[in-house]
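Chain by chain, the residues run as shown.
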Amino acid sequence: MRSNRKLTAALVLSALLAACAILAAAAGAATGRTVAVTASATVKVPNDTAKVGFGVKRERKTRAAALQATAAGLRQVIAAAKAFPGVGEGDIRTGRIDVRPAQKGKVTVYRATEGIQVTLHEPSKSGELIAKGLAAGATGVSGPSFSVGNEEEAFAKVLAAAFDKARERATVLASQAGAKLGQALTIEEGSGAEFIGPRSFDTAAESGAGKAAPTPPTKPGTSTVKATVHVIFELQ
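Below is a short write-up of the structure. Bear in mind the structure is a predicted one, so any value in this text is a computation, not a measurement. (Residues numbered from 1 in each chain as written. Predicted model: local features only at pLDDT ≥ 70, side-chain atom pairs only at ≥ 80, totals over all residues. Heavy atoms only, no water.)

Throughout the structure, instances matching the rule amount to one aromatic pair. Their ring planes at 45° and their centres at 6.0 Å tell us that Phe163 and Phe233 sit as a pair that is tilted. Here Phe233 lies in strand β10 (residues 222-235) and Phe163 lies in helix α4 (residues 151-176), a separation of 70 residues in the sequence. Phe233 sits in the buried class, given a relative accessible area of 0%. (Phe/Tyr/Trp six-rings, centres within 6.5 Å; stacked < 30°, edge-to-face > 60°. Helix = DSSP H or I, 4+ residues; strand = E, 2+ residues; numbered from the N terminus. Buried < 20%, exposed > 50% of the residue type's maximum accessible area, 1.4 Å probe, protein only.)

Further remarks concern unusual backbone geometry. Geometrically, the link from Gly143 to Pro144 is a cis peptide bond, its omega value of 5° lying close to zero. Within the fold, Pro144 resides in strand β6 (residues 140-147).

Here α4 spans 38 Å end to end across 26 residues, near enough to the 38 Å set by a 1.5 Å rise per residue. Where α4 is concerned, the buried positions are Ala154, Phe155, Val158, Ala162, Phe163, Ala166, Ala170 and Ala174. (Expected span 1.5 Å × (residues − 1).)

Here we come to the pattern of salt bridges. Counted according to the given criterion, the structure contains four salt bridges. A salt bridge links Glu59 to Arg111; the shortest N-O distance between them is 2.7 Å. One end of the pair, Glu59, is in strand β2 (residues 49-60); the other, Arg111, is in strand β5 (residues 107-120), and 52 residues separate them in sequence. Taking the relative accessible area as the measure of exposure, Glu59 reaches 24% and is therefore partly exposed. In this structure Arg111 comes out as partly exposed when scored by relative accessible area, which is 29%. Among the salt bridges present, the one from Arg100 reaches Asp98, with a minimum N-O distance of 2.9 Å. On the basis of relative accessible area, Arg100 is assigned to the partly exposed category, the value being 46%. Residue classification places Asp98 among the buried positions, given a relative accessible area of 19%. When salt bridges that share partners are traced, they join Glu59, Lys104 and Arg111 into one network. (Salt bridge = Lys/Arg side-chain N within 4 Å of Asp/Glu carboxyl O.)

This is the structure in structure tokens:
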């Protein structure tokens, strides 16, 4: 009986010693040396999308006539946009319809306006699209505004570049500390994606709708995408 008690006590003591060793190792790992760095990357991405707005305005003696004339004119503009290369299904969106009285001397007329926004996936041809829209009967144009279509894909590339820069900086610091850089322990994204695109250009055509319009020169250019990461690396 006494020998069994001694054996049990020995086993308990061995288990306690093993547990203490594991806890000590874990504590040592938790208090190991690390290096924290913050890095930002900026990449210029070609703009592959353009947005152009077209408006149609008509004045008639009655509200109904003004609406009818505006709708007819807008249908022609929509047809021209649909037939344009680079404009697909779902790339045309209609806007708000507005009808209000207007004084022309002593006569009251009704002015109706309605517009569309067109997304063009061949932005270098946005000048041609503007000319087609004006020739089809648009009385006003806004844009084009250029942007990156797939922002998530562009941001992923910039995030990867920011992480590579963070690793490079951490490697330099680790070398100065007489250590080797280990794996990344924590990675935190900065303030999110930042897209800086070119300014949009506004063009207005209040007269001459339906006539052949000159093609304005347009260049999509690039957007600047910026990303920041905060990374903590293990030092070995």
